[in-house]
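Analysis of the macromolecular model
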Amino acid sequence: MAAAPVVAELRARSVLVPMSRPVRTASGSLTVSPLVLLDVVTDTGVVGHGYVFGYAPEVVAPLRALAEAIAPTLVGRTLAPAQRMRELAGKFRLLGLQGLLGMVVAGIDMALWDALGKLADQPVAALLGGEPVPLRAYDSYGMVDPVTDEAALRESVASGFTGIKIKTGQSDPADEVAAVGQVRDIIRPDVELMIDYNQSLDPPEACRRIRRLREFDLYWVEEPVAAEDLAGHAYVRRRTGARIQTGENWWFPRGLSAAVAARACDFAMLDVMKIGGVTGWMQAAGEAQAASLPVSSHLFVEPSAHLLAVTPTADWLEYLDIAGAVLIDPCRPVDGYVTAAGPGLGISWNEDAVARYEV
């Protein structure tokens, strides 16, 4: 019996990638994607890829340093993501897996799964017992100006998207009502409209605002209050009857468990980097199924397309391209649907672009 492939090297590089569509939120704007690219090199020569999103340029250097510090722990170990995750959780038990450390560990998990898929010449969705399937996607916008962004919104609908998400939380509630109303008028009545407050309100203010938006037939209201305020989310959900979406800031599956216990949401939005990579997502997906929570993805189009394909309560894939500029073959929507690519997670670096944006 041939020896199992092992990790020969873990490499980390940081890039600042221009975003094709800058994202404006209630707390600031994102114009570049601060990414750390992770390469798990095996003793067979196969290389698995993963990446993490740092949100701010200042964060990529410490993320890269953490990955480099963890690398010796993995060298010589087999490509067994679940076992490696257990070992890393044990190694960092006193600190806990969250924050920058949790992000790096999840990125390593993704790269391990990508390597396994490439070794088997199979998409990760197949390794997980499923297969790539077309997933309905929504086009994800920041805060919009319904006048200057009208053409883009119409193009999104014309291209096949059946869901549009906009960020909101304008300082003047009347401006918010006007903007949401205008967007609803621009997109077809049969196109679902989601709004995202990005944690910008307190619970009483969230209730006041959401009540004013009832007429616009919102599919969900996302993170109206601080992500960690599960009681606040539950309060808003009870008092308004709105369907509350949250989860992109849950750290590992325990975050989902806490939200379910608090009755904080109607939906679960899993971020593969924060939920614990492929391994953490699969555990969370089982918990979401048990709680009858529809699951949508946050960012990370490429791995999320594999994971939603095997998620029993899959709902929407968020289409917001953060890494396409450094990929050879980015995952693009076709008629409003996204299908996972392989082998592995379908991630291959465009090395010319990486060199151009590396920092």
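Notes on the structure follow. (Residues numbered from 1 in each chain as written. Predicted model: local features only at pLDDT ≥ 70, side-chain atom pairs only at ≥ 80, totals over all residues. Heavy atoms only, no water.)

Here we come to the overall build of the protein. Check the secondary structure of the protein and you find 12 helices and 12 strands. Taken over C-alpha atoms, the radius of gyration comes to 20 Å for the protein, in line with the 21 Å a tight globule of 359 residues would show. Taking the principal axes of its C-alpha atoms as reference, the protein extends roughly 65 × 40 × 40 Å. Taken across its 359 residues, the protein has 55% of its residues classed as buried. A fraction of 69% describes how many contacts in the protein between residues 6 or more apart in sequence connect residues 24 or more apart. Counting every atom, the protein has about 14,000 Å² of accessible surface; 53% of that belongs to carbon and sulfur. In the protein, 31 side chains carry a positive charge and 43 a negative one; their mean positions are 6 Å apart. (Helix = DSSP H or I, 4+ residues; strand = E, 2+ residues; numbered from the N terminus. Rg over C-alpha atoms; globule rule 2.2 N^0.38 Å. Buried < 20%, exposed > 50% of the residue type's maximum accessible area, 1.4 Å probe, protein only. Contact = heavy atoms within 4.5 Å. Areas by Shrake-Rupley, 256 points an atom, 1.4 Å probe, with all protein chains shown as cover. Lys, Arg positive; Asp, Glu negative; His and termini not counted. Charge placed at Lys NZ, Arg CZ, Asp CG, Glu CD.)

Once that is clear, we can look at the sheet that holds strand β2 (residues 28-42). Strand order in the open sheet made by the 3 strands is β1-β2-β3, with antiparallel pairing throughout. In this open sheet, the two edge strands, each paired with only one partner strand, are β1 (7-25) and β3 (47-53). Direction aside, the axes of adjacent strands within the sheet are offset by 20° on average. Judged from the 14 bridges that link them, β1 and β2 form a sheet pairing that is antiparallel. Paired with Ala-12 across the strands is Leu-38, a residue of β2. Together, β1, β2 and β3 form the strand contacts of helix α3 (residues 99-120), whose direction differs from that of β3 by roughly 150°. (Pairing = 2+ DSSP bridges. Axes fitted to C-alpha atoms, helices over the stretch in contact; angles between N-to-C directions.)

As a further point, take the pairing of strand β5 (residues 163-167). Counting buried residues in β5 gives 5 out of 5 residues, a clear majority hidden from the surface. This β-α-β element, strand β4 (residues 135-140) to helix α5 (residues 150-158) to β5, shows right-handed connectivity. Bridging between β5 and strand β6 (residues 192-196) involves 5 bridges; their strand directions are parallel. Within β6, the residue paired with Ile-166 across the bridge is Ile-195. In this fold, β5 hands off to helix α6 (residues 173-186), which returns the chain to β6; that crossover is right-handed. (Right-handed = clockwise from strand over helix to strand, strands pointing away.)

In an α-helix, one turn spans 3.6 residues; hence positions three or four apart end up facing the same way. Within the sequence span of helix α2 (residues 81-91), burial applies to Pro-81, Arg-84, Met-85, Leu-88 and Ala-89. Taken end-on, α2 shows its buried residues confined to a sector of 135°, consistent with a single buried face. Relative to its buried face, α2 has exposed residues pointing more than 90 degrees away, namely Arg-86 and Lys-91. Elements in contact with the buried residues of α2: α1 (60-74), α3, α9 (252-262) and α10 (277-290). (Arc of directions from axis to C-beta.)

A few words now on a positive patch on the surface. The grouping of Arg-211, Arg-214, Arg-238 and Arg-239 at the surface amounts to a positive patch. Relative to the elements of secondary structure, Arg-211 occurs in helix α7 (residues 203-212). When its relative accessible area of 33% is taken as the criterion, Arg-211 is described as partly exposed. (Patch = residues over 30% accessible without salt bridge, like charges linked within 9 Å, V, L, I, M, F, W, Y side chains within 5 Å. Salt bridge = Lys/Arg side-chain N within 4 Å of Asp/Glu carboxyl O.)

Looking now at the environment of Pro-330. Mapped onto the elements, Pro-330 comes out in the loop between β11 (317-319) and β12 (337-338). Note on Pro-330: relative accessible area 16%, which makes it buried. For the pair Pro-330 and Ile-347, spaced 17 residues apart in sequence, the C-alpha separation works out to 7.8 Å. The residues touching Pro-330, leaving out its near neighbours within four places in the chain, are Glu-302 and Gly-324.

It is worth spelling out the pattern of salt bridges at this point. Enumeration over the complete set of coordinates arrives at 20 salt bridges. Here Glu-351 makes a salt bridge to Arg-13, at a shortest N to O gap of 2.9 Å. On the criterion of sequence distance, the pair formed by Glu-351 in helix α12 (residues 351-357) and Arg-13 in strand β1 is long-range, its members being 338 residues apart.

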